[in-house]
Amino acid sequence: MSPRDTRARANRSPVGHARVFAAWLAVATVSGLFAGGCASGGVQGYAETLWREDMGRITQGTLEDGFDKMVRKYALQVDRQEEAARDLYYETAWTTRDLYAVEETQGVTNARNRIVIRGRRLEAGVFRFSWELQNQVTTMDTPEWHANVIPPEVVEEYRPIYSDLMLEVRTGVRR
């Protein structure tokens, strides 16, 4: 065995492998935590580009009654309404809005939002619904519409719509 082979074998100690594996495991774990946290949004909160709320267990009719009232009250346009095997989907049209100071400093040139409500059937007529407020912008660098961090002011602007919808849903459940 040559001296070079002996050195190479000495450099492949189990301690070296353990350190490499530990570093790889740490990176994989941290990446998984960040990816999981951003994608799920939790029960409520912002996942940077959207505001998501879990609306709870609601019947389809109760949700649709409340949604129709919100569409009329806030002059929203419904862009899509779909029913698949176990899923319900409601989407308003994109609404352009004025820019906020934080967006102007980021080079945002246009901004828009839309509401998406998704339902997943739990049992006959009962769904678990979620609310999403999505945010898109154009910038000087990227003139196509793309998702962007949602300013807290936008969440506050849409909070009355969400609150009124939830009030209608809770009232509808008691009827």
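Report follows, based on the coordinates. (Residues numbered from 1 in each chain as written. Predicted model: local features only at pLDDT ≥ 70, side-chain atom pairs only at ≥ 80, totals over all residues. Heavy atoms only, no water.)

## Quick look at unusual backbone geometry
What counts is decided by this rule: We count a stretch as a helix when DSSP gives it H or I for four or more residues in a row; a strand needs E for two or more, and each element gets its number in order from the N terminus.
Positive phi, close to 50°, is recorded for A75, a residue that is not glycine. Within the fold, A75 resides in the loop between α3 (60–73) and β3 (78–83).

## Observations regarding the pairing of strand β7 (residues 126–139)
Selection criterion: The buried label goes to any residue with under 20% of its type's maximum accessible area, the exposed label to any with over 50%, and the partly exposed label to all in between, with areas taken from a 1.4 Å probe on protein chains only. Pairing between two strands is assigned when DSSP locates at least 2 bridges connecting them.
Counting buried residues in β7 gives 13 out of 14 residues, a clear majority hidden from the surface. In this sheet, β7 lies alongside strand β2 (residues 50–59) in antiparallel orientation, the contact comprising 9 bridges. Bridging from a neighbouring strand, R57 pairs with R128 of β7. In this sheet, β7 lies alongside strand β6 (residues 108–123) in antiparallel orientation, the contact comprising 14 bridges. Residue R112 lies in a different strand from β7, and its bridge partner there is Q136. Counted along the chain from β6 to the antiparallel partner β7, the turn is 2 residues long, and its residue G125 has a positive phi close to 80°. Here β7 runs beside strand β8 (residues 146–147); their pairing, made up of 2 bridges, is antiparallel. Within the sheet, the bridge partner assigned to Q136 lies in β8 and is A147. Hairpin connection of β7 to β8: 6 residues between the antiparallel strands.

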